[in-house]
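Secondary and tertiary structure notes
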Amino acid sequence: MIKKKRILISQIALVLLFGSIRIIAQMVSPNIDEADQSFSYFSKPTDVIGRMDHREGTLITPEGYLYTGSGELMFFTGNPPKPINKRVKTLFNNKFPIIQYTYRDKGIPYKFTMFANTLTDRVDSPLINFIRVRIQNPTERKRTVYFATAIRYQNNANTDWGIGDYRFGRAIIPDTIGAFEQAGVEFNQDWLYAFKDNMLTRDGKILYQYMKDSKPSRRMTWKMGYNEQPIEKPMSLYVLPTTPVGIVQYELTLEPGETKILDFKLPYLALPKESSWASRLQEASFDEYLQKTIDFWENILTRGINISLPEKKVTNTFDANLIYDLIARDKIDSFYVQKVNEFQYDAFWLRDAAFIVRMYDISGYHEFARQCLDFFLKWQRSDGNFISQGGQYDGWGQTLWAFGQHIKMTGDKKYARKIYPYLKKAYKWMQKTLSEEPSGLMPVTTPGDNELITGHVTGHNFWALNGLKSLIFIANFLDNGDADDYQKTYDEYYQNLERRLKKVTDRTEGYIPPGLDTLGGQDWGNLLSLYPVQLLDKSDFRIRATLDRVLNKYKEGLMTYGDGRWLHHYLTMRNSQTALILGDQEQVIRDLYAVLLHTGSTHTGFEFSILPWKTRDFGMNLAPHGWFAAEYRTLLRNMLVREEGENLHLLSAVSPAWIQPGEKISIHKAATYFGSVNFELECKDGSAILTLDNNFKTEPKTIILHLPWFMEVRKVYADGNSVNKDQKKINLPAGTHKVEIQWQKQKSQNHYNYQQTVKNYKKEYQKRYNDFLQNGN
């Protein structure tokens, strides 16, 4: 069903089965990181522009082109023309999906702005890409410049997939809602191209619109066979998929200081030129739709949790990744289908979507979460199991957990009654499965993605317990009398799993492996004994033993995958969440900055495929990635506010860069199981004041305020009363409104911050690059 991902997983399995094939070492020049540009970890970054709930999203290529279902819009400067290539891009206001970059040629800046929106407010109306190029003459003399656009089907393909580098395949028609899909057309050498007014058409459909005001020249291809006059008339072009066609070239004379603007419109799918959509496209104004786009996303952001920190990179990444997940959500018929991205992962997985739904809930977007959860029900099989990909039995627990946390967060009894019959049917599947399985656990399976083992998968069984816990909660919430049966099954299951865990961890000095039958495999679900649900007691030595083992697998500050072959971005944050609960604040902050280091200049995260200390290249595993987005937002939220049993934890981990005189840490509209949490920490020289304005629906037993590991705390007052403290945390009554802290920063502390992390990385990469040039592999 998800063909490309299955190919990728099979390739991983072959590498791990037969060992690494020796590959000549590669690195990129450190000079790609320009001092006056935002840092982008990726050497070949990809980005997305799109609209929430639309089925497609436009890929912004590493070069700065727009790749859609119909083709790829390219840009050229100079005469003779040269295709532009701009690696570093930014977002409008550093968070909205409006891509900006400046390309310079012979001293002339070409400033690009591009975004996508639907022609009407309906999400099923055509998605249109709007592009503006602002060309300015900053010199003191007149200049003539040349700018051109053209379209091609795809770029060169240098992989064994046959798909253009850093692109995705199209067209792919799904066999069911939620299966992998890509709208578009297959390349056809018999297409008939024509210029019509201010449009390039192909077989009577509009590929893109351009401005005629500056009287551009037009030609079908850059060259004719014998340098004949360029042809504009409708014609078939016997060209390759990589050949730019439909070229529009502007010759612009600019006086000193003069600016000229060129606007273009690119439908994601070509529009029939005689349709009503064509007239709407003609009328669509760049400025009007830009404002609509800004207003739409601004409204979304203001509805949910708001976090303010001194380091804007931290919060901009938080905001941008909510938007990336919403762009990856598709409205298909009556369903809201949460996908991972609009590119190579344009499909539904229970496992990814469960974490994304949880992120929506803790961010205050309960409606978005419920809409997505309704689609989970379509993945229940006739026997009651929830499964979206073959052999992946973790889907059972992930589904029940997603429903349980949503109901606990919202207190929506009506919705709980609606979905309960589905959950009870799922429980019957579990009962039958356990009765037939000698181990009393989830069955033996070969899930492929992600542990890459055959046997009893540790993570599948952790998820089964998580699901049962949610079922117990929902039954108690509905007071329907079923909770005792569920609790009995949970207790028996826990004992069965504990026996297997003890047996295998006795051989590993406490490390919990990916499988319960073998010591091989890739770390994944075995890292979830404490997060997202605390299954083992946090004092259990096996949790620390597992964390210590995997921390030794880190490279470039990130967790690795594939026996250390690749960096894995969001897998890192599972360890961060464990460290957070264990109170290892410094490790959490190290992880946070390593995660941020490995994002793009548009705050995108990746999955894996990047080789440590090599080319900084994720290949065909394109960014942004939806599971990364959810994990990052969940981690930052939990660092500032999180639930643990009956207690509410605040400031479990903060950076030294945030605790500076004159700086503030604030969080507002933070949804929790207890209600809405709002606070502000104002830092002064030698002191800080925490102001709380919480709106609890159920008061926590205690508010636990964590004290930064790098601060020496002298005195603490809560609402004017002295509070007993240790050096790690203080306990506060739920009704506390004001906490005054007297403290000083300890000497000899590491200077953790994002900019220093980037600086340290560049220094180490340069050192390794110099060695690479001298010694090779």
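Throughout what follows, the structure given in this document is the object of discussion. Along each chain, the written sequence defines residue order, and numbers are assigned to residues from 1. Restriction of local features to residues with pLDDT of at least 70 applies here, the model being predicted, together with a cutoff of 80 or more for giving and counting side-chain atom pairs; totals for whole chains, interfaces and linings are based on all residues. Based on all heavy atoms of the structure, the side-chain values leave hydrogens and waters out of the count.

**Topic: the overall build of the protein**
The secondary structure content of the protein amounts to 15 helices and 34 strands. In terms of overall dimensions, the protein has C-alpha extents of about 80 × 65 × 60 Å along its principal axes. Only the protein chains shown count as cover for residues, and all accessible areas are computed by the Shrake-Rupley method using a 1.4 Å probe. Accessible surface, the protein: about 30,700 Å² in total, of which carbon and sulfur atoms supply 46%. The charged-residue count follows a simple rule in which Lys and Arg add positive charge and Asp and Glu add negative charge, with His and chain termini not counted at all. Note on charges: their place is set at NZ of Lys, CZ of Arg, CG of Asp or CD of Glu. Mean positive and mean negative side-chain charge positions of the protein (98 and 88 charges, respectively) differ by 2 Å. Here a helix means four or more residues in a row that DSSP labels H or I, a strand means two or more in a row labelled E, and each is numbered from the N terminus.

**Some words on the packing of helix 4 (residues 312-327) against helix 14 (residues 626-640)**
To define axes, lines are fitted to C-alpha atoms, for helices over the stretch in contact only, and angles between the resulting N-to-C directions are given on a 0 to 180 degree scale. For the pair helix 4 and helix 14, interaxial distance at closest approach is 9 Å and the crossing angle is 135°. Between helix 4 and helix 14, the angle falls in the class oblique. Viewed along their axes, helix 4 and helix 14 form a crossing whose handedness is left-handed. Between helix 4 and helix 14, the residues in contact are V314, T317, F318, D319, N321, L322 and D325 and G626, F628, A629, A630, Y632, R633, L636 and R637, respectively. When grouped by side-chain class, the residues that make up the contact of helix 4 with helix 14 number 8 nonpolar, 3 polar and 4 charged. We call two directions roughly parallel when the angle between them is under 35 degrees, roughly antiparallel when it is over 145, roughly perpendicular when it lies between 65 and 115, and oblique otherwise. Should the near helix be turned anticlockwise from the far one by less than a right angle, the crossing is termed left-handed; should it be turned clockwise, right-handed. The contact definition used throughout considers only heavy atoms, calling two residues in contact when any of these lie within 4.5 Å. Note on residue classes: Ala, Val, Leu, Ile, Met, Phe, Trp, Tyr, Cys and Pro are nonpolar, Asp, Glu, Lys and Arg are charged, and everything else, Gly too, is polar.

**Overview of the packing of aromatic side chains**
Note on aromatic contacts: the rings of Phe and Tyr and the six-membered ring of Trp form a pair at centre separations within 6.5 Å, being stacked when their planes are under 30 degrees apart, edge-to-face when over 60 apart, and tilted otherwise. All chains considered together, the criterion is met by 57 aromatic pairs. Ring geometry for F375 and W379: centres 6.1 Å apart, planes at 75°, overall edge-to-face. Among the residues examined, W379 registers a relative accessible area of 11% and is labelled buried. Every member of this aromatic cluster is reached through a ring pair, and the members are F355, W401, W463, W524, Y531, Y561, W566, Y570, F608 and W627. Geometrically, a lysine NZ or arginine CZ counts as sitting over a ring once it is within 6 Å of the ring centre and also within 35 degrees of the ring normal. A cation over an aromatic ring shows up here: R616 above the ring of Y765, its NZ or CZ 5.7 Å from the ring centre. Only protein chains enter the calculation, and the probe is 1.4 Å; a residue is then buried if its accessible area is under 20% of its type maximum, exposed if over 50%, and partly exposed in between.

**Let's talk about the nonpolar core**
Membership of the largest hydrophobic core comes to 242 residues, with the highest contact counts inside it found for F75 and W658. The nonpolar core is taken to be a set of buried Ala, Val, Leu, Ile, Met, Phe, Trp, Tyr and Cys residues, with the residues joined through side-chain atoms within 4.5 Å. Residues F180, Y345, A347 and W349 belong to the second largest nonpolar core, which totals 5 residues.

**Quick word on the pattern of salt bridges**
Any Lys or Arg side-chain nitrogen located within 4 Å of an Asp or Glu carboxyl oxygen qualifies as a salt bridge. Following the criterion strictly, the structure yields 37 salt bridges and no others. A salt bridge links D33 to R87; the nearest nitrogen and oxygen atoms lie 3.0 Å apart. In this pair, D33 is assigned in the loop between helix 1 (3-18) and strand 1 (47-50) and R87 in the loop between strand 5 (82-83) and strand 6 (90-92), connecting sequence segments 54 residues apart. Across the pair, R87 and D33 agree in class, each one buried. One salt bridge in this structure joins E643 and R358, with 3.9 Å as the shortest N-O distance.

**Thoughts on unusual backbone geometry**
A cis amide bond links R170 to the next residue, A171, at an omega of 5°. Looking at the element boundaries, A171 is found in the loop between strand 10 (143-152) and strand 11 (192-196). Here the residue pair D449 and N450 is connected by a cis peptide bond, since its omega of 20° sits within 30 degrees of zero. Counting through the fold element by element, N450 comes out in the loop between helix 8 (413-436) and helix 9 (458-478). At N94, a position not held by glycine, the phi torsion is positive, near 60°. The partly exposed category is assigned to N94, whose relative accessible area is 32%. Unusually for a residue other than glycine, K669 sits at a positive phi of about 55°. The topology assignment puts K669 in strand 26 (residues 664-672).

**Here's the deal with the pairing of strand 33 (residues 729-732)**
Alternating residues of strand 33 divide into I730 and L732, all buried, and K729 and N731, none buried. Across 4 bridges, the pairing between strand 30 (residues 702-706) and strand 33 is antiparallel. Each bridged residue has a counterpart across the sheet, and for H706 the counterpart in strand 33 is K729. Strand pairing is assigned whenever DSSP detects at least two bridges linking the two strands.

**Describing the sheet that holds strand 25 (residues 647-650)**
A sheet is described by the order of its strands in space; here 4 strands give the open sequence 24-25-30-33, paired in mixed fashion. Taken across any chain shown, the strands that pair with only one partner, and hence form the sheet edges, are strand 24 (641-644) and strand 33. Taking the axes of each pair of neighbouring strands and ignoring which way they run, one obtains an average angle of 25° across the sheet. In terms of strand pairing, strand 24 meets strand 25 through 4 bridges, oriented antiparallel. Opposite E643, over in strand 25, you have L648 as the bridge partner.

**With respect to the pairing of strand 7 (residues 96-105)**
Extensive coverage of strand 7 is indicated by the burial of 7 of its 10 residues. Relative to strand 7, strand 6 is paired through 3 bridges, and the arrangement is antiparallel. From the neighbouring strand, L91 faces strand 7, where its bridge partner is I99. What sits between the antiparallel neighbours strand 6 and strand 7 is a turn of 3 residues, in which N93 has the positive phi angle 55°. In this sheet, strand 8 (residues 108-118) lies alongside strand 7 in antiparallel orientation, the contact comprising 7 bridges. Bridging from a neighbouring strand, Q100 pairs with T113 of strand 8.

**Let's talk about helix 10 (residues 483-505)**
Compared with the 33 Å implied by 1.5 Å per residue over 23 residues, the 31 Å span of helix 10 between its first and last C-alpha is a close match. Listed as buried for helix 10 are A483, Y486, T489, Y490, Y493, N496, L497, L501, V504 and T505. Buried residues along helix 10 sit against helix 8, helix 9 and helix 11 (541-551). Expected span, for any helix, means 1.5 Å times one less than how many residues it has.

**A short note on helix 5 (residues 350-362)**
For helix 5, built from 13 residues, the straight-helix expectation of 18 Å at 1.5 Å per residue is met to within 8% by its first-to-last C-alpha distance of 18 Å. Of all 13 residues in helix 5, 13 are buried, a share of seventy percent or more.

**Description of the environment of H706**
Assignment of secondary structure puts H706 in strand 30. Linking H706 and Q585, residues 121 residues apart in sequence, is a C-alpha distance of 9.5 Å. Among residues more than four places away in sequence, those in contact with H706 are Q585, R642, H649, L650, L651, S652, K728 and K729. Here the side chain of H706 touches H649 through a polar contact of 2.8 Å, side chain to side chain. Here a polar contact is taken to be a pair of N or O atoms separated by no more than 3.5 Å, where protein atoms must pair a possible hydrogen donor with a possible acceptor and residues adjacent in sequence count only if both atoms sit in side chains.

**With respect to the packing of helix 13 (residues 585-597) against helix 15 (residues 754-775)**
Packing of helix 13 against helix 15 brings their axes to within 9 Å, and their N-to-C directions diverge by 65°. As the angle between them shows, helix 13 and helix 15 are arranged roughly perpendicular. Crossing angle aside, the handedness with which helix 13 passes helix 15 is right-handed. Together, Y593, L596 and L597 of helix 13 and Y754, T757, V758 and Y761 of helix 15 make up the contact between the two elements.

**Here's the deal with the environment of W709**
Along the chain, the position of W709 falls in the loop between strand 30 and strand 31 (711-718). Expressed as a C-alpha distance, the spacing of W709 and D537, which sit 172 residues apart in the sequence, is 23 Å. What W709 contacts, discounting residues up to four positions off in sequence, is Q585, E586, I589, V654, P656, Q746, Q749 and Y752.

**Considering the side chain of H625**
With respect to the helices and strands, the residue H625 is situated in the loop between helix 13 and helix 14. Apart from the residues lying within four places of it in its own chain, the contact partners of H625 are V340, Y345, D352, Y570, G605, F606 and E607.

**Looking at the environment of D517**
Locating D517 in the fold gives a position in the loop between helix 10 and helix 11. For the pair D517 and A328, spaced 189 residues apart in the sequence, the C-alpha separation amounts to 37 Å. Excluding residues within four positions of it along the chain, D517 makes contact with G455, H456 and R500. In this structure the side chain of D517 is engaged in a polar contact, spanning 2.7 Å, whose partner is the backbone nitrogen of H456. Among the polar contacts listed, one links the side chain of D517 to the side chain of R500, at a separation of 2.4 Å.

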